[in-house]
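Report on the structure
Spelled out from the first residue to the last, the chains are:
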Amino acid sequence: MIANKADYLEYREADRCANHKKSVKANMFGDYTYNYLNLLRKLEYYTNCKSDVLSKLYRKVLYIRYKRLSVKTGIQIGINSFGKGLGLFHYGSIVVNETARFGDYCVIQSGVNVSRGVLGGDEIYLGPGAKVLENVKIADHVIIGANAVVTKDIVIPYSSWGGVPAKKINDRGFKFQRMQ
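Just so you know, these numbers come straight off a predicted model, no measurement behind them.

What follows covers the overall build of the protein. For the protein, the helix and strand inventory stands at three helices and 13 strands. In terms of C-alpha radius of gyration, the protein reaches 16 Å, essentially the compact-globule figure of 16 Å for 180 residues. Overall, the C-alpha framework of the protein stretches about 50 × 35 × 30 Å when taken along its three principal axes. Going through the 180 residues of the protein one by one, you find that 47% of them count as buried. Partitioning the contacts of the protein with sequence separation of at least 6, the portion at a separation of at least 24 is 28%. Accessible surface computed for the protein: about 9300 Å², of which carbon and sulfur atoms make up 56%. Between the averaged position of the 27 positive side-chain charges in the protein and that of its 15 negative side-chain charges there is a distance of 6 Å.

Below is the structure:
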């Protein structure tokens, strides 16, 4: 969770690397997912770190922009839900409940739904159309395949899961490729 300006800058840099961007600055035209991610991080920073009157007013403006871009992209991720290095490569129908918490360097593909109370570790890959039901815990380095429905806790790190309901497929886990 972003607790100060240094954390905010670290998260922005990790998100840039995770999304394979050359610059931390958002592209004003066309790159909606990266713009959404930058706006999400700025809103997290102002929510967690700033409490003066002017900052609260600016936070409201950020929140309105965040909600509008959420409607435009189809992405709805609650603030403080993901650690640094969140990979968003496609927009459209991504819903993560605001009570869900994940670690660093996770990737979310399109069509993903994450219910309330979900706790995920570091480096989790959520494939296209994956669904994670309420109060599920997911270990580190887990791949959840396309259209899988996770109904129970996944406690085995470095594993791949798929199907309805999700079952273990193999012992190949997810290792995020960080670019410099």
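So that's the structure; there's more coming.
Bringing the environment of Ser-93 into the picture now. Relative to the assigned elements, Ser-93 resides in the loop between strand E2 (87–88) and strand E3 (94–96). Taking relative accessible area as the criterion, Ser-93 reaches 44% and is therefore assigned partly exposed. Taking the C-alpha atoms as reference, Ser-93 lies 19 Å from Ile-143; in sequence the two are 50 residues apart.

Moving on, we get to the nonpolar core. Generally speaking, a soluble globular protein has its nonpolar side chains buried in company with each other. The biggest cluster of nonpolar side chains holds 41 residues, and the ones touching the most others in it are Ile-77, Phe-102, Ile-108, Ile-138 and Ile-144. Looking at this core, the elements that each hand over two or more residues are helix H1 (5–18), helix H2 (32–49), helix H3 (53–73), strand E1 (75–77), E3 and strand E10 (142–144). The element that contributes the greatest number of residues to this core is H2, accounting for seven residues. Those residues within four positions of Phe-102 in sequence are excluded, and the remaining contacts are Ser-81, Phe-82, Gly-83, Val-114, Val-118, Gly-120, Gly-121, Ile-124, Leu-126 and Ile-138. Residues Ala-14, Ala-18, Phe-174 and Phe-176 belong to the second largest nonpolar core, which totals six residues.

The six strands are arranged E2-E4-E7-E10-E12-E13 in an open sheet whose pairing can be described as mixed. Every interior strand has two partners, whereas the edge strands, E2 and strand E13 (167–170), have only one. Note: strand E7 (residues 125–126) against E10, two bridges, orientation parallel. Considered in E10, the bridge of Leu-126 is made with Ile-144.

Moving on: the pairing of strand E12 (residues 159–162). Every second residue of E12 is oriented toward a common face, with Ser-159 and Trp-161 on one face and Ser-160 and Gly-162 on the other, all of them buried. Inspection of the sheet shows E12 paired to E13 by three bridges, in the antiparallel sense. In the sheet register, Ser-160 faces E13, and the bridge partner there is Asn-170. Adjacent in sequence and paired antiparallel, E12 and E13 are bridged by four residues, among which Gly-163 carries a positive phi angle near 100 degrees.

Right, let's talk about unusual backbone geometry for a bit. With an omega of -15 degrees, the peptide bond between Val-164 and Pro-165 qualifies as cis. Along the chain, Pro-165 turns up in the loop between E12 and E13. In this model, Tyr-105 sits at a positive phi of 55 degrees, which is unusual for a non-glycine residue. By the secondary structure assignment, Tyr-105 is in the loop between E3 and strand E4 (107–108). Take Tyr-105: its relative accessible area is 14%, and that puts it in the buried class. You will see that Tyr-158, though not glycine, has its phi angle at about 55 degrees, which is positive. If you trace the backbone, Tyr-158 turns up in the loop between strand E11 (149–150) and E12. Using a relative accessible area of 42% as the deciding quantity, one classes Tyr-158 as partly exposed.

What counts and what doesn't
- Residue indices begin from 1 for each chain and proceed along its sequence in written order.
- Only residues with pLDDT of 70 or above have their local features reported here, since the model is predicted, and side-chain atom pairs are shown and tallied only from 80 upward, although totals for entire chains, interfaces and linings are computed over all residues.
- Neither water nor hydrogens contribute to the side-chain values; these are computed over all heavy atoms in the structure.
- Here a strand is any run of E in DSSP of at least two residues, a helix any run of H or I of at least four, and the numbering for each starts at the N terminus.
- Computation of the radius of gyration draws on C-alpha atoms alone. For the globule rule, the value is 2.2 Å times the number of residues to the power 0.38.
- Only protein chains enter the accessibility calculation, which uses a 1.4 Å probe; a residue whose area is less than 20% of its type maximum is buried, one above 50% is exposed, and one in between is partly exposed.
- Contacts: residue pairs with any heavy atoms within 4.5 Å of one another.
- Surface exposure here means Shrake-Rupley accessible area, sampled with a 1.4 Å probe, where a residue is shielded only by the protein chains that are shown.
- For the purpose of counting charges, residues Lys and Arg are taken to be positive, whereas Asp and Glu are taken to be negative. His and the chain ends are not included.
- One atom stands in for each charge, and that atom is NZ of Lys, CZ of Arg, CG of Asp or CD of Glu.
- We call a set of buried residues a nonpolar core when its members are Ala, Val, Leu, Ile, Met, Phe, Trp, Tyr or Cys and they connect through side-chain atoms within 4.5 Å of each other.
- Here the rule is simple: two strands pair whenever DSSP picks up at least two bridges between them.

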